[in-house]
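Close look at the chain arrangement
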Amino acid sequence: MTEHIGILTAGGDSPGLNATIRGIGKSALNYPNMQVVGFRDGFRGLVENRTVSLNSDSFAGIISQGGTILGTSRDKPHRMLIGGTVMDMTDAIIENYHAHHLDVLVCLGGGGTQKNALHLHQNGLNVITVPKTIDNDVAMTDVTFGFDTALGIATDALDRLHSTAHSHHRIIVVEIMGHRAGWLTLGAGIAGGADVILIPEIPYDVNSIADAIRYRVRRGKKFSIVAVAEGAMSVQCAKKFYAAEDIMRNADNKKDKKQAKADLEELKSAHGNHTLELSQQLEELTGLESRITILGHLQRGGTPSAADRVLASRLGTACVDMIQNNQFGVMVAARGEGAEAVPLTEVAGKLKLVPLNHPWIKAARQLDTNLGD
Ligand code: F6P
């Protein structure tokens with residue numbers, strides 16, 4: 001019988017984390033002798049033994065709050081910066097897990113957290129995860145909470161930018177979060193009626209985008225909205241990037257691997273300005289004025305949508321049911337209207353990208369949206 005549950009939130013925050021903590025906490029406390037302890041700031045709190053005791057009062061009023069009452073960090077158990085040195089803190093985590101007499105550790109997080117949780121599970125701990133991220137890119141789950149809220153925020157931004165772009169006869173290039181997956185940009189681009197949608201899964205040709213914008217001008221539409229994902233890349237840039245990634249994956253000696261890693265870092269840092277560059281290129285190619293808007297962390301902040309609160313509550317409560325069934329080493333995945341336990345081995349290290357034949361891509365094309373190809 002599970003009596004002691006530890007819970008932490010790791011990785012970038014996502015609207016709905018508090019609703020999930022509440023879902024887990026409230027349904028766990030319905031069981032006799034059940035105790036819930038929170039660890040602050042992700043895996044670091046578990047290393048440093050910084051805790052928050054969670055009782056029924058802790059969950060009052062948090063369903064509507066953004067962020068996470070536990071705090072979060074991107075720290076990894078096996079590679080944590082401690083006093084200026086990167087150290088493997090797995091043993092310290094195992095020690096604290098036992099010191100708190102935990103029967104299970106619940107980790108709320110995105111792709112990286114699934115890997116870290118699997119690592120702890122393979123080191124003998126009972127671990128269960130609940131997937132979150134505004135990027136919606138965690139494998140083996142229909143959807144992640146936070147995505148619906150961010151989709152609403154980004155769509156609202158596109159709606160607002162339409163009127164100013166229209167009034168000034170400008171191009172507005174809007175950068176939307178998502179380094180590897182384009183779900184958020186594609187969804188918001190469709191919902192917000194963007195004229196061009198650029199996602200990491202489809203490398204773009206700037207001439208194709210300029211042609212589409214010039215065609216709009218010929219039809220009397222002197223403004224255009226370009227929704228671009230953080231991680232979208234031109235064809236040329238994508239070629240270099242994937243080649244460096246390939247070398248890094250396949251290099252059989254340390255020297256080549258190190259060089260490929262350095263090349264990759266350089267490419268990433270050069271890519272940091274790509275939205276500005278794209279805007280300047282479009283200005284030159286079309287003769288229209290162009291402006292950029294980077295939505296950034298606005299997309300992650302604030303009140304979760306109703307749909308995210310329902311999803312978070314559904315997965316949080318299902319998590320406690322799985323704990324009661326001793327289902328460990330699994331992720332609580334959203335499947336249809338319900339939830340399913342998926343082994344972490346099937347999730348860790350995988351990304352859910354937008355398939356090129358996805359109905360959203362098809363819909364965007366049928367709506368005459370330019371996808372950069
Ligand atoms: O949580 C995922 C994400 O929102 C990505 O879309 C974005 O690239 C990244 O987090 C930003 O992370 P940070 O808050 O660490 O800058």
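Pairing within the open sheet is mixed, and its seven strands lie in the order β3-β2-β1-β6-β7-β12-β13. Taken across any chain shown, the strands that pair with only one partner, and hence form the sheet edges, are β3 (51-54) and β13 (338-343). With direction set aside, neighbouring strand axes in the sheet form an average angle of 25°. As defined by bridge partners, strand β2 (residues 35-39) adjoins β3 across four bridges and the pair is classed as antiparallel. Paired with Gly38 across the strands is Val52, a residue of β3.

In this section: the domain arrangement of the chain. Examined at the domain level, the chain breaks down into domain 1 (3-145 + 304-346) and domain 2 (150-300). Contacts between domain 1 and domain 2 engage eight residues on the former and eight residues on the latter. The three residues of domain 1 that bury the most area against domain 2 are Asp13, Ile134 and Asp135, which together make up 61% of that side's buried surface. Put simply, domain 1 and domain 2 have one salt bridge between them. Between Arg300 and Asp13 there is a salt bridge whose closest N-O contact spans 2.9 Å. At the boundary of domain 1 with domain 2, the tally comes to one residue pair in polar contact (both at pLDDT 80 or more). Taken together, the residues that form the side of domain 1 that touches domain 2 break down as two nonpolar, two polar and four charged.

Moving on, we get to unusual backbone geometry. Note on backbone geometry: most residues besides glycine have negative phi, and most peptide bonds are trans. Despite not being glycine, Asn49 shows a phi value in the positive range, around 60°. Its place among the elements puts Asn49 in the loop between α2 (43-48) and β3. Despite not being glycine, Met140 has its phi angle at roughly 70°, a positive value. Summarising the element assignment, Met140 is placed in the loop between β7 (127-131) and α5 (147-168). Residue class for Met140 comes out partly exposed when judged on its relative accessible area of 33%.

For strand β10 (residues 224-229), a buried count of six out of six residues is recorded, marking the element as mostly surrounded by other parts of the structure. Residues Ser224, Val226 and Val228 of β10 are buried on one face, and the alternating residues Ile225, Ala227 and Ala229, pointing to the opposite face, are buried as well. Bridge count between strand β8 (residues 170-176) and β10: six bridges; the pairing is parallel. Residue pairing in the sheet places Glu175 in a bridge with Val228 of β10. Pairing geometry for strand β9 (residues 196-198) and β10, over three bridges, is parallel. Considered in β10, the bridge of Ile197 is made with Ala227. A crossover connection joins β9 to the parallel β10 through helix α7 (residues 206-218); in handedness this β-α-β unit is right-handed.

Around the ligand, the neighbouring residues are Arg74, Ile134, Asp135, Met177, Gly178, His179, Glu230, His297 and Arg300. His179 has a polar side-chain atom sitting 2.8 Å from an oxygen atom of the ligand. Within the contact set of the ligand, an oxygen atom lies 2.8 Å away from a side-chain nitrogen or oxygen of Arg300. When residues of the shell around the ligand are assigned to domains, at least three map to each of domain 1 (3-145 + 304-346) and domain 2 (150-300).

The strand order across the open sheet built from four strands is β9-β10-β8-β11, with neighbouring strands paired in parallel fashion. A single partner strand is all that each edge strand has here, and the edge strands are β9 and β11 (289-294). For this sheet, the mean angle separating the axes of adjacent strands, direction not counted, is 15°. Of the strands in this sheet, β8, β9 and β10 touch α7, which is tilted by about 160° from β10.

Here we come to the environment of Asn370. In this structure, Asn370 sits in the segment after α12 (359-366). Sequence separation between Asn370 and Asp211 is 159 residues, and the spatial gap between their C-alpha atoms is 9.5 Å. Among all residues touching Asn370, those that are not within four sequence positions of it are Asp195, Val196, Ile197, Ser208, Ile209 and Ala212. Within the local environment of Asn370, its side chain forms a polar contact with the backbone nitrogen of Gly372, the two atoms lying 2.7 Å apart.

Further remarks concern helix α8 (residues 235-250). The end-to-end C-alpha distance of α8 is 22 Å, a good match for the 22 Å that 16 residues give at a rise of 1.5 Å each. Restricting attention to buried positions, one finds in α8 the residues Cys237, Ala238, Phe241, Ala244 and Glu245. An end-on view of α8 places all buried positions within 135° of arc, on one side of the element. Pointing more than 90 degrees away from the buried face of α8 are the exposed residues Gln236, Lys239, Lys240 and Asn250.

Further remarks concern the side chain of Thr9. If you trace the backbone, Thr9 turns up in strand β1 (residues 4-9). A polar side-chain atom of Thr9 sits 3.0 Å from a polar atom in the side chain of Thr68. Here the side chain of Thr9 touches Gly71 through a polar contact of 2.8 Å, landing on its backbone oxygen. In contact with Thr9, not counting residues within four places along its chain, are Leu17, Ile21, Asp41, Gly42, Thr68, Leu70, Gly71, Thr72, Ser73 and Leu108.

Rules and cut-offs
Residues numbered from 1 in each chain as written. Predicted model: local features only at pLDDT ≥ 70, side-chain atom pairs only at ≥ 80, totals over all residues. Heavy atoms only, no water. Pairing = 2+ DSSP bridges. Helix = DSSP H or I, 4+ residues; strand = E, 2+ residues; numbered from the N terminus. Axes fitted to C-alpha atoms, helices over the stretch in contact; angles between N-to-C directions. Domains from an automatic or database assignment. Contact = heavy atoms within 4.5 Å. Buried area = accessible area lost by both parts, 1.4 Å probe. Salt bridge = Lys/Arg side-chain N within 4 Å of Asp/Glu carboxyl O. Polar contact = N/O pair within 3.5 Å; in protein donor to acceptor, adjacent residues only side chain to side chain. Nonpolar A, V, L, I, M, F, W, Y, C, P; charged D, E, K, R; others polar. Buried < 20%, exposed > 50% of the residue type's maximum accessible area, 1.4 Å probe, protein only. Right-handed = clockwise from strand over helix to strand, strands pointing away. Near = heavy atom within 4 Å. Expected span 1.5 Å × (residues − 1). Arc of directions from axis to C-beta.

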